[in-house]
Amino acid sequence: MEQHLYNLLLRSLDAPLPETEQRRLTLALDTSADLRAMREELVRLRTGLRTEGNESFKPFFADRVINRLSTHRQPIAEYFVAAFRSVAIGAAALVIILSVYNISRENSFTFDSALGIHHQTLEQILALETPFE
Amino acid sequence: MDTYLNKLPDIELLKSSRDGDVGAFGELVKRYESKVAATVIGMLGQCEEADDVGQETFIRFYHALHAFRGESSVGTYLTRIAINLSLNELKRRERHRFIFTKLDPDQENAEPAAENDVDRFEEKEILRRALETLPPKFRAVVNLRLAEGYSTEETADMLHIPVGTVLSRLQRAQKKLRLILQTYKEGY
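Overview of the structure. Along each chain, residue indices are assigned from 1 in the same order as the chain's sequence is written. Lettering for chains starts from A, numbering for ligands starts from 1, and both go in the order in which the items are written. Confidence filtering applies because this is a predicted model: local features only for residues at pLDDT of at least 70, side-chain atom pairs given and counted only at 80 or more, and all residues used for totals across whole chains, interfaces and linings.

Structural notes on the overall build of chain B
Check the secondary structure of chain B and you find 10 helices and zero strands. Runs of H or I in DSSP of at least four residues are treated as helices and runs of E of at least two as strands, each being numbered from the N terminus. Ordered by position in the sequence, the α and β elements of chain B form the string α-α-α-α-α-α-α-α-α-α. Expressed as a percentage of the 188 residues in chain B, the buried residues total 37%. Considering only contacts in chain B between residues 6 or more positions apart, those separated by 24 or more positions represent 64%. Labels follow a simple rule on C-beta atoms placed from the backbone: if 20 or more others lie within 10 Å of a residue's own, it is buried; if 12 or fewer, it is exposed; otherwise it is partly exposed. Note that contacts rest on C-beta atoms placed from the backbone: two residues are in contact if these are within 7 Å.

Observations concerning the overall build of chain A
Of regular secondary structure, chain A possesses seven helices and zero strands. In chain A, the succession of α and β elements from N to C terminus is α-α-α-α-α-α-α. For chain A, the residues scored as buried account for 7% of the 133 residues in total. Long-range pairs, those at least 24 residues apart, make up 23% of the contacts in chain A between residues at least 6 apart in sequence.

With respect to helix 9 (residues 152-159) of chain B
All names here are of chain B. Every buried residue of helix 9 is listed here: Thr152, Thr155, Ala156 and Met158. Buried residues of helix 9, seen end-on, are gathered within an arc of 165° and therefore sit on one face of the element. Of the residues flanking the end of helix 9, it is histidine 160, one or two places downstream, whose phi is positive at about 55°. Taking the helix axis as origin, the arc is that swept by the directions to the C-beta atoms.

So, the nonpolar core
A general trend in soluble globular proteins is that nonpolar side chains are found buried together. All names here are of chain B. One finds Val40, Ala130, Val141 and Val142 to be the most contacted residues of the largest nonpolar core, which totals 52 residues. Among the elements that take part in this core, helix 3 (residues 22-44) stands out by supplying 11 residues, more than any other. Shared between two domains, this core holds at least three residues of each, these being domain 1 (1-95) and domain 2 (100-188). With residues near it in sequence (within four places) discarded, valine 141 still touches Thr155, Val166, Arg169, Leu170 and Ala173. In these notes, a nonpolar core means any group of buried Ala, Val, Leu, Ile, Met, Phe, Trp, Tyr and Cys residues linked to one another through C-beta atoms within 7 Å. Throughout the structure description, domain borders are defined by an automatic or database domain assignment.

A few points about the interface of chain B and chain A
Taken together, the 35 residues of chain B in the interface contact 28 residues of chain A. Contributing elements (two or more residues each) for the side of chain B that touches chain A: helix 3, helix 4 (48-63), helix 7 (123-132), helix 8 (136-147) and helix 10 (163-187) of chain B. Here the element with the most residues in the side of chain B that touches chain A is helix 3 of chain B; it accounts for 10 residues. Grouping the constituent residues of the side of chain B that touches chain A by class yields 16 nonpolar, 12 polar and seven charged. Any residue outside Ala, Val, Leu, Ile, Met, Phe, Trp, Tyr, Cys, Pro, Asp, Glu, Lys and Arg is labelled polar, Gly included; the first ten of those are nonpolar and the last four are charged.

Regarding the environment of valine 29 of chain B
With respect to the helices, strands and loops of the structure, valine 29 of chain B is situated in helix 3. Judged by C-beta crowding, with 24 C-beta atoms within 10 Å, valine 29 of chain B ranks as buried. Residues valine 29 of chain B and threonine 57 of chain B lie 28 residues apart in sequence; the distance between their C-alpha atoms is 10.0 Å. Setting aside anything within four residues of it in sequence, one finds valine 29 of chain B in contact with Ala62 and Val65 of chain A together with Phe58 of chain B.

Points about unusual backbone geometry
In this structure, phenylalanine 60 of chain A is a non-glycine residue whose phi angle is positive, near 60°. Tracing the sequence through the fold places phenylalanine 60 of chain A in the loop between helix 3 (33-49) and helix 4 (61-71). What makes phenylalanine 60 of chain A exposed here is the crowd of 10 C-beta atoms within 10 Å. Phi at histidine 160 of chain B is positive, roughly 55°, even though this residue is not glycine. Here histidine 160 of chain B shows up in the loop between helix 9 and helix 10.

In structure tokens, the structure reads:
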């Protein structure tokens with residue numbers, strides 16, 4: 001069956017259709033026995049399946065939910081993980097790029113060169129200070 | 001205390017729940033228990049897992065309170081969580097379906113229940129039972145669109161599928177239900 005017509009049929013069961021759509025549906029229903037049968041079947045299904053707001057879980061459901069909530073508080077570590085998850089991949093990529101850059105600049109594959117740490121002797125530091133005297 | 005809480009609108013209860021008032025959240029649970037139960041029991045049937053999935057729905061909602069901006073109603077938001085958790089549960093069952101043979105979703109032409117069983121069921125219950133034999137994706141659209149009365153667009157939105165897919169699944173589900181119900185009737 002044409003989907004548009006099927007949707008009209010469904011919508012006509014929810015609420016009255018606008019005039020033009022209702023006319024189109026009425027015409028289709030008048031000319032098709034299959035459509036009329038489909039409509040009757042849909043009405044039966046809806047009536048049979050419709051919940052009347054009286055479904056419920058086992059007694060004291062709300063108490064069980066609250067108990068679970070109080071015993072399963074979200075640990076603080078999870079808050080941090082959730083907070084930093086969005087930037088974690090970007091930050092990790094940045095660290096890798098900086099390390100690769102530092103290593104290629106220093107031409108040495110050490111932990112210090114990856115971090116961009118330069119070890120200087122006391123003489124080197126003093127020599128750096130001389131121009132300011 | 002309870003009388004005071006049950007007079008408060010959802011928006012006030014949400015605000016208090018966000019501030020850590022467990023009593024306010026408990027009131028929301030009571031208010032929406034039957035709605036969530038309709039979705040979960042409609043999807044899974046009356047079983048032990050239904051209660052667990054119902055609880056999990058509210059726990060997820062509690063943890064998502066800060067993200068809930070009220071673009072949809074609390075009921076719709078909870079239904080969305082409930083339907084997703086129910087579908088997960090059905091997938092889990094599918095993986096272990098050798099245990100749950102009577103709910104085998106691949107069983108297109110369900111065997112009629114034993115005659116004594118059929119006698120005990122009223123038409124509505126037969127329909128529920130027939131629904132349980134449908135594959136999860138069909139069961140979800142039938143539940144949301146026909147049983148719970150959501151519009152086709154709302155159903156599509158909740159299941160993250162196009163409107164056309166909802167309609168085609170519904171048509172196919174209707175056809176499958178017709179066959180299953182015929183089989184039951186022949187069993188009478």
